[in-house]
Amino acid sequence: VDCVWLERAKDVKNMVDGRTWRDMKCYPNEVFLCTTVNANPIQSIEGPAKIIAPDEWKRLQKKIEDGGDPVFVCRRALVVKASSKKRGAKKGSNMS
């Protein structure tokens, strides 16, 4: 199965420079839609994740933070730029 990934904020922190990270002001449980796509065996998929829009997140934030199943908010994408010298993301501002 080809999968498009959502990255948690703590993982994105390692992909951008320090100033960009400070300016991002991430929500709790925010995830970022990434441009990375790769193939995974269907058996490795554990199940769906609940991703909601920012407006719904703001409306339900108190209820979400009180517990229950994990709920994530996605309001931006992370564009990963491949580096010719090493594999992975280039440092810098790559938020859209």
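The structure under discussion appears in the preceding block.
Notes on the structure follow. (Residues numbered from 1 in each chain as written. Predicted model: local features only at pLDDT ≥ 70, side-chain atom pairs only at ≥ 80, totals over all residues. Heavy atoms only, no water.)

Thoughts on the layout of surface pockets
Part 1 of the reasoning: Of the voids in this model, the largest pocket is the one considered here, and its volume is about 440 Å³.
Part 2 of the reasoning: By residue number, the principal contributor to the lining of the largest pocket is strand β1 (residues 2-8), which donates five residues.
Part 3 of the reasoning: Along the lines of polarity and charge, the residues of the lining of the largest pocket split into 11 nonpolar, three polar and two charged. (1 Å grid on protein atoms, 1.4 Å probe; cavity = no way out; pocket = protein on both sides within 12 Å on 5 of 7 lines; lining within 4 Å. Points joined across faces, edges and corners; volume = space filled by probe spheres on them. Helix = DSSP H or I, 4+ residues; strand = E, 2+ residues; numbered from the N terminus. Nonpolar A, V, L, I, M, F, W, Y, C, P; charged D, E, K, R; others polar.)

A closer look at the side chain of Asn40
Part 1 of the reasoning: Tracing the backbone shows Asn40 in the loop between β2 (30-39) and β3 (50-52).
Part 2 of the reasoning: At a separation of 3.0 Å, a polar atom in the side chain of Asn40 contacts the side chain of Asn38.
Part 3 of the reasoning: Sequence-distant contacts of Asn40, defined by excluding residues within four places in its chain, comprise Val1, Cys3 and Trp5. (Polar contact = N/O pair within 3.5 Å; in protein donor to acceptor, adjacent residues only side chain to side chain. Contact = heavy atoms within 4.5 Å.)

Observations concerning the sheet that holds strand β4 (residues 71-78)
To summarise the sheet geometry, strands pair through backbone hydrogen bonds and adopt either a parallel or an antiparallel arrangement.
Part 1 of the reasoning: Spatially, β1-β2-β4-β3 is the arrangement adopted by the four strands of the open sheet, whose pairing is mixed. Strands at the two margins of the open sheet, each flanked by one partner only, are β1 and β3. Across the sheet, the mean angle from the axis of one strand to that of its neighbour is 55°, orientation sign disregarded.
Part 2 of the reasoning: Bridge analysis of β2 against β4 gives four bridges, and the strand direction is parallel. Looking across to β4, one finds that Glu30 is bridged to Val73.
Part 3 of the reasoning: Along the sheet, helix α3 (residues 54-65) makes contact with β3 and β4, crossing β4 at roughly 145°. (Pairing = 2+ DSSP bridges. Axes fitted to C-alpha atoms, helices over the stretch in contact; angles between N-to-C directions.)

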